[in-house]
Amino acid sequence: MQHWLRDATTPAEQEAVLRRLPRRTLTGIASDARVDRAISAAAALILFQRRPALLLQRASAHRNEAEKWRRIATLRIVALADRETALPILRRALSDADEDVVGAAVRLLGEEQSDDALALLVESLADGRYPRSQIAAYLDTERAAPHLLPLVDHPADDVRFWAASLLRPSALDAELALAGLAADPSPRVRAAVLKSFAAVGGGASAAIGRDLIHDPTWFVRAQAARAIGSGGNPELVHRLVPLLRDEQWWVRTAAKEALAELGPSAEHVLVPMLRDDDAFARNGAAEVLLETGAVARWAAKAADEPDDEPLSVMIGAALRAGGDRVQQAALAAVTGRTRQKLARLIEQMPDSTST
Amino acid sequence: MREFLFVATGVCLAYFVAAFGAYALLLVFAALDNAISSRDARADDLRALEESRFTIPVSVLVPVYNEAAVIRHVVAALRDLRYPELELVMAVDGSTDGTLEILRADLQLEPVARFERHIVDTKPVREVLRSRVDPRILVVAKENGGKADALNCALNYARYRYVCCVDGDTIYLPEALLNTMRLVVRDPKSIVGITGHIAVAMQPERLTVDADGRAMVENKLIANFQHIEYLRAFLNARLAWSRLGFMLCASGAFAIWRRDLLEELGGFSTEYTCEDIEFTFRAHEHLRRTGVDYRILSTPQIAARTEGPGTIRALVRQRERWQRVTLEVIWSYRRMLLRRRYGVVGFVGMPFFLLTEVLAPPMELVSIVTLVLGIAYRVFDVRVYAVFLASVAMANAIMTSAAILLEDISTRAFRLDHLARLVVLGPLEVLVYRPVLVWARLKGFWRFLRKERSWETFDRNPRLASR
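Computed from a predicted model, the values in this text were never measured in an experiment.

How each quantity is defined
- Residues numbered from 1 in each chain as written.
- Chains lettered and ligands numbered in written order.
- Predicted model: local features only at pLDDT ≥ 70, side-chain atom pairs only at ≥ 80, totals over all residues.
- Helix = DSSP H or I, 4+ residues; strand = E, 2+ residues; numbered from the N terminus.
- Rg over C-alpha atoms; globule rule 2.2 N^0.38 Å.
- Buried ≥ 20, exposed ≤ 12 C-beta atoms within 10 Å, placed from the backbone.
- Contact = placed C-beta atoms within 7 Å.
- Core = buried A, V, L, I, M, F, W, Y, C linked by C-beta atoms within 7 Å.
- Axes fitted to C-alpha atoms, helices over the stretch in contact; angles between N-to-C directions.
- Parallel < 35°, antiparallel > 145°, perpendicular 65-115°, else oblique.
- Nonpolar A, V, L, I, M, F, W, Y, C, P; charged D, E, K, R; others polar.
- Pairing = 2+ DSSP bridges.
- Right-handed = clockwise from strand over helix to strand, strands pointing away.

Asker: Is there a simple way to think about the overall build of chain A in this case?
Answerer: Helix and strand content of chain A: 23 helices and 0 strands. The C-alpha radius of gyration of chain A comes to 29 Å, more than 25% above the 20 Å expected for a compact globule of 355 residues. A principal-axis box enclosing the C-alpha atoms of chain A has dimensions of 90 × 50 × 35 Å. Counting every position in chain A, which comprises 355 residues, the buried fraction comes to 46%. Taking all contacts inside chain A whose residues are at least 6 apart in sequence as the whole, residues at least 24 apart take part in 59%.

Given below as structure tokens:
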């Protein structure tokens, strides 16, 4: 198709080229989602002007596999050519028994993004006849929020989960609706609420993270840690530290990332953790101290003040707790005298493996 | 002797009719799958998938061993993959040719204290490095343990629910992940594995396209015949296997697996010459035995270009190894053959592999010996044999043309005159290329019987300046 249009630069020239193409080729261009939308729309309009009744009939129903794919192609042509006419046909397609037809309708309504289209997509999200993550891709916009708010009271966990995932607490009504879902019986919904707050950050994110940090479900605890991290409230670091001992790898990792995000404010609670009974907690604390630059800073200070014994002991504790990987990374992060000092401390350690 | 030759001829003929019949039947299903997949791909909206934060993230596992010649191009292609959320976990498997140093300099690697989740035992890790220029990249330098060990090591560091196993010497197309994951996101519960179509090139990092962006086939016979062979393997065979539910070989060059399955099965096995086909068999065996509803799929869209051998010697070495590993795996999983519990895998997939992979080398040998003896004892009329050979060549050409047609329908990537060149080469394949493969397969069969497990190094083709 490209070489036919190479010399046609204006829409009028492109239309003239398209009008000369055989109907089959034109149909291919109009129904192919990979083709530039403006060119597809121009081709669709030409086809629709020629035979509207036939296209509407083909877009409305199918009897077999071959007709199904023709219907899907025609749905796109009609949607691109005449939005108003297409809407009831797309609504009918959304309730079709065939998943491919439903998927085509979802995609076309998603590309449309009008209020009517968004309302239909939210209906489809609630009835669950097509993968919700696919529909959600088109509802991830502020404009969809008014249609999504009623879903927070939906009886199905999955629907509330998607409402919680798609709503953003940037507007007051959405924030209140999400806060209400923080006590939802479904852990997936609670985790989604935390994720939505974490995406925006700020005090509300930190507060909701604090409330759910002891949740019995591990993935809720992991999201709560992330919400605290993105909340940026240094007073909550002590709430995160116990999660370094969590039985779940993902929770420990989330806690480490959150502590690293909170930066130097976490250091005072992490230093005692370097001698914790739990090996995971010791490792985690050392990793965070490395990530926040604390180890490099202490090493630089120790190089300047070689007699500061407590400081050397603290660095040694971090290096021992972190093991080989932390030691390698710490050495790579510093240069000159600081590097020499660190190398000496590592050499002096009786056993470099901590876990 | 005459009677023996007649019987042997009859057996060979029966075998060839059965094999061609099986391929012809598969072609019908492949054409059906290709037609549906192509229509579906045209109707799909990759932009929404690419931009959505709800698209399932993917960890790309890249085993790397002595790839200094191509690693820059491979990393560039992987970084250009169009996908909303991915991480690249590169396991440098004790490379001795400076691959790690290239990565260290280009990606500005720095040590990082990232601890792995110890899922599978691997050779010791020497260093874990993070890229300063692209935070999505993690490089794990480890002691040499082979490709399966490197993949397992990368798996230990992977964070996402789906992992995409790739080769460290293959160039990936930007849409590779989107074209495959678009099917996974529709049905993540049952799709446990998916693979794409791999194209072959002598120098995959060199893009050979004309002014209209149409791909051109290479001007080298060995490349053309491999191109034809890959088309037939990926389009005529794998699409049909995928449609029929026995996709028994997800190519190691590009295979996406659900991580929970990999973890459940203990990762990739280091006991076999190649890990990809073995894991696919193991996945089918396990999932069928446990009664899980699952799908392993293959798509017709090209995902990557891999480097094919540029000499007959290298080609024989590669195909000998493929033959050996196929036999190793079929032998290991022979319990699936004709067992009800394994359904279509046991009743269709395994017999098909038995017919076309296990029996092929001995049958090809028998047919050659029969031919020589038949001519020596004047049992065969040379003219009759020529007609027979011509029929085989034409049957082969029909398969080749069908594969080229399927390729053109699904991708429209190649120039028509270049596809015509491949069509013309189709009938010659039996005379020019097939004997080399027969020799390689016989060697593979012999080395399988001797229980050899070696993996000889792949000699890179000489590099021309990139365009």
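Anyway, onward from the coordinates.
Asker: How should I be thinking about the overall build of chain B in this particular structure?
Answerer: Summing up its helical and strand segments, chain B has 16 helices and 10 strands in all. Within chain B, the fraction of its 467 residues that count as buried is 48%.

Asker: Quick question: what am I supposed to make of the nonpolar core here?
Answerer: When a protein is soluble and globular, its nonpolar side chains tend to lie buried together. Grouped together as the largest cluster of nonpolar side chains are 244 residues, with contacts concentrated most on Val89 and Ala154 of chain B. Filtering out sequence-adjacent residues up to four positions away, Ala154 of chain B remains in contact with Leu61, Val62, Pro63, Val89, Ala91 and Val140 of chain B.

Asker: Would you mind going over helix H21 (residues 294–304) of chain A with me for this structure?
Answerer: Residues three or four positions apart in an α-helix share a direction because the helix packs 3.6 residues into each turn. Within the sequence span of H21 of chain A, burial applies to Ala294, Val295, Ala296, Trp298, Ala299 and Ala302 of chain A. Against helix H19 (267–270), helix H20 (279–291), helix H22 (309–333) and helix H23 (336–348) of chain A lie the buried residues of H21 of chain A.

Asker: Teacher, can you tell me more about the packing of helix H16 (residues 218–231) of chain A against helix H18 (residues 249–262) of chain A here?
Answerer: Between two packed helices, the angle of one axis relative to the other and the distance separating the axes together describe the packing. All names here are of chain A. Interaxial distance between H16 and H18 falls to 8 Å at its minimum, and their mutual angle equals 5°. Put simply, H16 runs roughly parallel to H18. Between H16 and H18, the residues in contact are Trp218, Phe219, Arg221, Ala222, Ala225, Arg226, Ile228, Gly229 and Ser230 and Trp250, Val251, Ala254, Ala255, Glu257, Ala258, Glu261 and Leu262, respectively.

Asker: Is there a simple way to think about the interface of chain A and chain B in this case?
Answerer: Size of an interface: often given as the accessible area lost when the parts come together. The interface is formed by 31 residues belonging to chain A together with 23 residues belonging to chain B. Residues that form the side of chain A that touches chain B fall into these classes: 13 nonpolar, 9 polar and 9 charged.

Asker: I'm lost on the pairing of strand E2 (residues 86–93) of chain B in this one. Help?
Answerer: On a regular strand, one side chain projects to one face of the sheet and the next to the other, so that they alternate. Residue and element names in this part refer to chain B. Counting buried positions along E2 yields 7 of 8 residues, so the element is predominantly enclosed. Note: strand E1 (residues 58–64) against E2, 7 bridges, orientation parallel. The partner of Pro63 across the bridge, within E2, is Ala91. With helix H3 (residues 71–79) bridging E1 and its parallel neighbour E2, the resulting β-α-β unit is right-handed. The pairing of E2 with strand E5 (residues 137–142) spans 6 bridges and is classified as parallel. In the strand pairing of E5, Val92 is matched with Ala141.

Asker: Please clarify how the environment of Ala329 of chain A should be interpreted in this entry.
Answerer: Along the polypeptide, Ala329 of chain A turns up in helix H22. Given 24 C-beta atoms within 10 Å, Ala329 of chain A falls into the buried group. Setting aside residues up to four positions removed in sequence, Ala329 of chain A forms contacts with Leu290 of chain A together with Pro111, Val112 and Ala113 of chain B.

Asker: Help me understand the environment of Ala294 of chain A, please; the structure alone is not making it clear to me.
Answerer: All names here are of chain A. For Ala294, the location among the structural elements is in helix H21. Looking at Ala294, the number of C-beta atoms within 10 Å reads 21, which means it is buried. Sequence-wise, Ala294 and Ala318 are 24 residues apart; in three dimensions their C-alpha atoms are separated by 9.9 Å. Beyond its immediate chain neighbours, meaning those up to four positions away, Ala294 contacts Pro264, Glu267 and Leu289.

Asker: Help me understand the sheet that holds strand E8 (residues 191–201) of chain B in this model?
Answerer: All names here are of chain B. The mixed open sheet is built from 10 strands, whose spatial order is E3-E4-E5-E2-E1-E6-E9-E8-E10-E7. Two strands lie at the open edges of the sheet, namely strand E3 (109–111) and strand E7 (171–172), each paired on one side alone. In this sheet, strand E6 (residues 162–166) lies alongside E1 in parallel orientation, the contact comprising 4 bridges. Considered in E6, the bridge of Leu61 is made with Cys165. Across the sheet, helix H4 (residues 99–106) is in contact with E1, E2, E3 and E5; its angle to E2 comes to roughly 145°. Where helix H9 (residues 276–289) meets the sheet, it contacts E8, strand E9 (254–258) and strand E10 (295–307), and its direction lies at approximately 155° from that of E8.

Asker: Please explain the pairing of E5 of chain B as it appears in this structure.
Answerer: Residue and element names in this part refer to chain B. Of all 6 residues in E5, 6 are buried, a share of seventy percent or more. Every second residue of E5 is oriented toward a common face, with Ile137, Val139 and Ala141 on one face and Leu138, Val140 and Lys142 on the other, all of them buried. Bridge count for strand E4 (residues 125–131) against E5 is 5 bridges, and the pairing is antiparallel. Within E5, the residue paired with Arg130 across the bridge is Leu138. Counted along the chain from E4 to the antiparallel partner E5, the turn is 5 residues long.

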